[in-house]
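Per-entry structural report
Here is how the chains run, residue by residue.
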Amino acid sequence: EVKEKEKCECDPSMKEIVEFIRPHSDAFADLVECVDVDAPITLSFCFVCIVVHVLHSILGASRVEYVFSVPSFSHFYFYSLLSYFRLLSHVVGHSSWEHLGGNLIHMLLVGPMCEHEFGKKNMLRIMLWTTLSSGIGHVMFGRTNSHQLGASGIVFMLILLNSLLKMDSAGRIPLTFIFQVIVW
C-alpha cells in the first residue's frame, strides 16, 4: 500500500506567494507552503537590516551610515528632523557584514521565542523603546565625534528577555538573567 504524502497546511501569510508560484513550479510551491512565518517582527527587522546593508555596500559607507547611525551630542542638530529619525534608524545600520551577521544570528536564536511569548505588538513596542533609549543614551553619553549603529542593543534586550522566559510564578529572578546583565 502506497501512502500519499501529507500536505502541509499553508500559513495564511504565505498563501498569496504559494498561489503565485504554483503555476510555475508545483514542487517549489509545495515547499513554500510548508514554511511557517513564526516570528514576523524578528524576520522583518532582519530583512530591513539586510536591505540597508546591501545599500551600504552599493552606495558606500559614508552615505548610508550618515542616515543609519546616531551621532553624539556634538553632532546632534535639534532643529533637524534627520537627527530625530536617526534616533530610530541607527539599529538597522551595520558597519560590516560580520557586524550584521553576528547580530542576525543572535536575533534569530532568541527573537522568535521572545516574540512568541510576548506577542508581536509587545515585541515591537519593546524594540522601539530599546532603540530610542539606546539612541538617546548615545547622544547624551557618547564620545565626541562618535556614531552608534547596529542592533546590538536589540540583541542584548532579546537575550535578557529570553532569560526571563522561565521566571516562575513566585516572581523569582533566574540567576542566568543576573549573570547576563553582569557579563554584557
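Attention in this report is confined to the structure presented alongside it. (Residues numbered from 1 in each chain as written. Predicted model: local features only at pLDDT ≥ 70, side-chain atom pairs only at ≥ 80, totals over all residues. Heavy atoms only, no water.)

Describing the overall build of the protein
- Of regular secondary structure, the protein possesses 9 helices and 2 strands.
- In the protein, the succession of α and β elements from N to C terminus is α-α-α-α-β-α-α-α-β-α-α.
- For a compact globule of 184 residues, the expected C-alpha radius of gyration is about 16 Å, and the protein comes in at 20 Å, more than 25% above that figure.
- Overall, the protein is about 75 × 50 × 30 Å in size when its C-alpha atoms are taken along their principal axes.
- When the 184 residues of the protein are sorted by exposure, 34% land in the buried category.
- Taking as baseline every contact in the protein between residues at least 6 positions apart, the subset at least 24 positions apart corresponds to 67%.
- Counting only carbon and sulfur atoms, one obtains 66% of the accessible surface of the protein, whose full area is about 12,100 Å².
- Here the protein carries 13 positive and 17 negative side-chain charges, and the mean point of each set is 9 Å from the other. (Helix = DSSP H or I, 4+ residues; strand = E, 2+ residues; numbered from the N terminus. Rg over C-alpha atoms; globule rule 2.2 N^0.38 Å. Buried < 20%, exposed > 50% of the residue type's maximum accessible area, 1.4 Å probe, protein only. Contact = heavy atoms within 4.5 Å. Areas by Shrake-Rupley, 256 points an atom, 1.4 Å probe, with all protein chains shown as cover. Lys, Arg positive; Asp, Glu negative; His and termini not counted. Charge placed at Lys NZ, Arg CZ, Asp CG, Glu CD.)

Focus: the pattern of salt bridges
- By the definition in use, this model includes 2 salt bridges.
- In this structure, the salt-bridge partner of R22 is D30, at a minimum N-O distance of 2.8 Å.
- Judged by relative accessible area, which is 29%, D30 ranks as partly exposed.
- By sharing partners, the salt bridges in this structure join R22, D26 and D30 into a single network. (Salt bridge = Lys/Arg side-chain N within 4 Å of Asp/Glu carboxyl O.)

Considering the packing of aromatic side chains
- In the structure shown here, the tally under the stated rule is 3 aromatic pairs.
- Here F76 and Y84 contribute two aromatic rings whose centre-to-centre distance is 5.3 Å and whose plane-to-plane angle is 85°, an arrangement assigned as edge-to-face. (Phe/Tyr/Trp six-rings, centres within 6.5 Å; stacked < 30°, edge-to-face > 60°.)

Some points on a nonpolar patch on the surface
- A contiguous nonpolar surface patch, about 810 Å² in accessible area, is contributed by F47, V48, I50, V51, V54, L55, I58, L59 and W97.
- Per element, the largest residue contribution to the nonpolar patch is 8 residues, and it comes from helix 3 (residues 40-59). (Patch = residues over 30% accessible without salt bridge, like charges linked within 9 Å, V, L, I, M, F, W, Y side chains within 5 Å.)

Side note on the state of the cysteines
- What the rule picks out here adds up to 0 disulfides.
- No disulfide involves C46; its nearest neighbouring cysteine sulfur is the one of C49, lying 6.4 Å away.
- For C49, a relative accessible area of 0% translates into the label buried. (Disulfide = S-S within 2.5 Å.)

Quick word on the environment of I136
- Relative to the helices and strands, I136 is located in helix 7 (residues 120-141).
- Among the residues examined, I136 registers a relative accessible area of 35% and is labelled partly exposed.

Quick word on helix 3
- Relative to the 28 Å expected for 20 residues at 1.5 Å per residue, helix 3 spans 28 Å between its end C-alpha atoms, a close match to the ideal helical length.
- Listed as buried for helix 3 are I41, T42, F45, C46, C49, V52, H53 and H56. Taken end-on, helix 3 shows its buried residues confined to a sector of 130°, consistent with a single buried face. Exposed and facing more than 90 degrees away from the buried side of helix 3 are F47 and I58.
- Looking one or two places after helix 3, you find G60, whose phi comes out positive at around 105°. (Expected span 1.5 Å × (residues − 1). Arc of directions from axis to C-beta.)

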